[in-house]
Amino acid sequence: MNDMGEEPIDEFDPDLDAIAGAPGHPTFRVTVLGDQVTLNTWWPGLLSGGAARAHFRARRDDGVAIADLRRWRNDDGTGELSVEFLSGGDRERAELVLEDWARLAGYSRAWFPHRMVDLAADGAPPLPTVEATCPTCWARWDDEAPEFWDYVRDSGCFPRTCLLCGGELPQWELAEAEGPAGGRPPKRAADNQTGRSPTTRSPT
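Residues numbered from 1 in each chain as written. Predicted model: local features only at pLDDT ≥ 70, side-chain atom pairs only at ≥ 80, totals over all residues. Heavy atoms only, no water.

**Q** What should I look at first to understand the nonpolar core in this one?
**A** Counting 38 residues, the largest nonpolar core has Leu98, Trp101 and Phe158 as the members making the most contacts within it. Secondary-structure elements contributing two or more residues to this core are strand S1 (28–33), strand S2 (36–41), strand S3 (64–73), strand S4 (79–87), helix H3 (91–104), strand S5 (107–112), strand S7 (130–133) and helix H4 (146–155). Excluding anything up to four places from it in sequence, Trp101 contacts Val37, Leu39, Leu69, Leu81, Tyr107, Gly156, Cys157, Phe158 and Gln171. (Core = buried A, V, L, I, M, F, W, Y, C linked by side-chain atoms within 4.5 Å. Buried < 20%, exposed > 50% of the residue type's maximum accessible area, 1.4 Å probe, protein only. Helix = DSSP H or I, 4+ residues; strand = E, 2+ residues; numbered from the N terminus. Contact = heavy atoms within 4.5 Å.)

Below, the structure written as structure tokens:
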């Protein structure tokens with residue numbers, strides 16, 4: 001136990017679920033490339049500055065935005081999100097992409113370095129069909145069920161793991177939306193198969 005009565009965190013063998021819920025720690029590290037949002041659970045081994053500044057500048061120069069996200073739940077059950085950029089990339093575009101993602105994921109407010117966005121100003125959005133394509137096995141996932149959206153709103157993100165190959169999924173997007181910058185991978189027979197996403201908590 002430390003002075004605050006918390007279990008110490010082993011940064012080389014982290015309990016990611018415990019870290020994500022720990023006070024003061026970011027919840028996610030997010031990467032924005034074009035219109036594609038990819039989330040990973042934050043853990044202390046991730047670099048944030050110091051000798052890594054040159055790497056973050058290189059990512060910025062290549063147009064890649066990297067940020068730490070902190071999420072919290074208000075007494076009324078709504079969720080809010082703060083964004084701390086480590087690599088700006090196209091900062092203005094990255095903020096708009098994260099704003100759209102946060103609104104779709106059910107957050108009520110998003111706090112950026114110089115502004116706050118009221119994501120619930122227009123009321124609760126409808127529950128659309130969303131989809132994601134696994135970049136590892138190219139399986140395409142889609143869902144629109146209320147149970148799916150309950151999972152998204154509870155966890156603060158879309159499912160992040162392909163349950164076929166175990167690969168990492170980018171965050172889901174509207175089914176009718178265009179793919180991320182650079183386009184989706186070429187269609188193959190397997191890419192036309194859709195799977196039902198889990199309606200209970202997915203492995204992340």
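**Q** I keep staring at a nonpolar patch on the surface and nothing clicks. Help me out?
**A** There is a patch of nonpolar side chains on the surface, built from Trp72, Trp111 and Met116 and spanning about 270 Å² of accessible area. Among the structural elements, Met116 can be located in strand S6 (residues 115–118). (Patch = residues over 30% accessible without salt bridge, like charges linked within 9 Å, V, L, I, M, F, W, Y side chains within 5 Å. Areas by Shrake-Rupley, 256 points an atom, 1.4 Å probe, with all protein chains shown as cover. Salt bridge = Lys/Arg side-chain N within 4 Å of Asp/Glu carboxyl O.)

**Q** What is the right way to read H4 from this model?
**A** It helps to recall that an α-helix has 3.6 residues per turn; residues three or four apart then point in one direction. The set of residues buried in H4 consists of Phe148, Trp149, Tyr151, Val152 and Ser155. Along H4, the residues classed as buried sweep out an arc of 155 degrees about the axis, all on the same side. For H4, the exposed residues set more than 90 degrees away from the buried face come down to Pro146 and Asp150. Against S1, S3, H3, S7 and strand S8 (140–143) lie the buried residues of H4. Gly156 sits one or two positions beyond H4 and adopts a positive phi of about 80 degrees. (Arc of directions from axis to C-beta.)

**Q** Teacher, can you tell me more about unusual backbone geometry here?
**A** Working note: non-glycine residues mostly have negative phi, and peptide bonds are mostly trans. The backbone of Trp138 sits at a positive phi, close to 70 degrees, despite the residue not being glycine. Secondary-structure assignment places Trp138 in the loop between S7 and S8.

**Q** Help me out: how do you make sense of H3 in this one?
**A** The end-to-end C-alpha separation of H3 is 20 Å, in line with the 20 Å expected for 14 residues at 1.5 Å each. Of the positions making up H3, those classed as buried are Ala94, Glu95, Val97, Leu98, Glu99, Trp101, Ala102 and Leu104. (Expected span 1.5 Å × (residues − 1).)

**Q** When you look at the pairing of S7 in this model, what are you seeing that I'm missing?
**A** Remark: a regular strand shows side chains that alternate across the two faces of the sheet. Residue alternation in S7 divides its side chains into two sets, Val130 and Ala132 and Glu131 and Thr133, and both sets are buried. Judged from the two bridges that link them, S7 and strand S9 (residues 173–174) form a sheet pairing that is antiparallel. The partner of Val130 across the bridge, within S9, is Leu174. (Pairing = 2+ DSSP bridges.)

**Q** Can you walk me through the sheet that holds S1 in this structure?
**A** As a general point, the strands of a sheet are linked pairwise by backbone hydrogen bonds and lie either parallel or antiparallel. Spatial ordering of the open sheet is given by S2-S1-S3-S4-S5-S6, a layout of six strands whose pairing is mixed. Bordering the open sheet on either side are S2 and S6, each of which pairs with just one other strand. Within the sheet, the average angular offset between the axes of one strand and its neighbour, ignoring direction, is 25 degrees. For S4 and S5, the ladder comprises four bridges, and the chain directions are parallel. Residue pairing for S5: Leu81 is matched across the bridge by Ala110. Running over the sheet, H3 touches S1, S2, S3, S4, S5 and S6 and is turned about 155 degrees from S4. (Axes fitted to C-alpha atoms, helices over the stretch in contact; angles between N-to-C directions.)

**Q** I keep staring at the pairing of S3 and nothing clicks. Help me out?
**A** When S1 meets S3, the two strands line up antiparallel, connected through six bridges. Bridge assignment links Leu33 to a residue of S3, and that residue is Val64. Note: S3 against S4, eight bridges, orientation antiparallel. Within S4, the residue paired with Trp72 across the bridge is Glu80.

**Q** Please clarify how the pattern of salt bridges should be interpreted in this entry.
**A** When the charged atoms of two side chains lie near each other, side chains of opposite charge can form a pair. All told, the structure shown has eight salt bridges when counted by the stated rule. Across the salt bridge formed by Glu84 and Arg70, the nearest N and O atoms sit 3.2 Å from each other. Of this pair, Glu84 sits in strand S4 while Arg70 sits in strand S3, and the two are 14 residues apart along the sequence. Classification of Arg70 as partly exposed rests on a relative accessible area of 28%.

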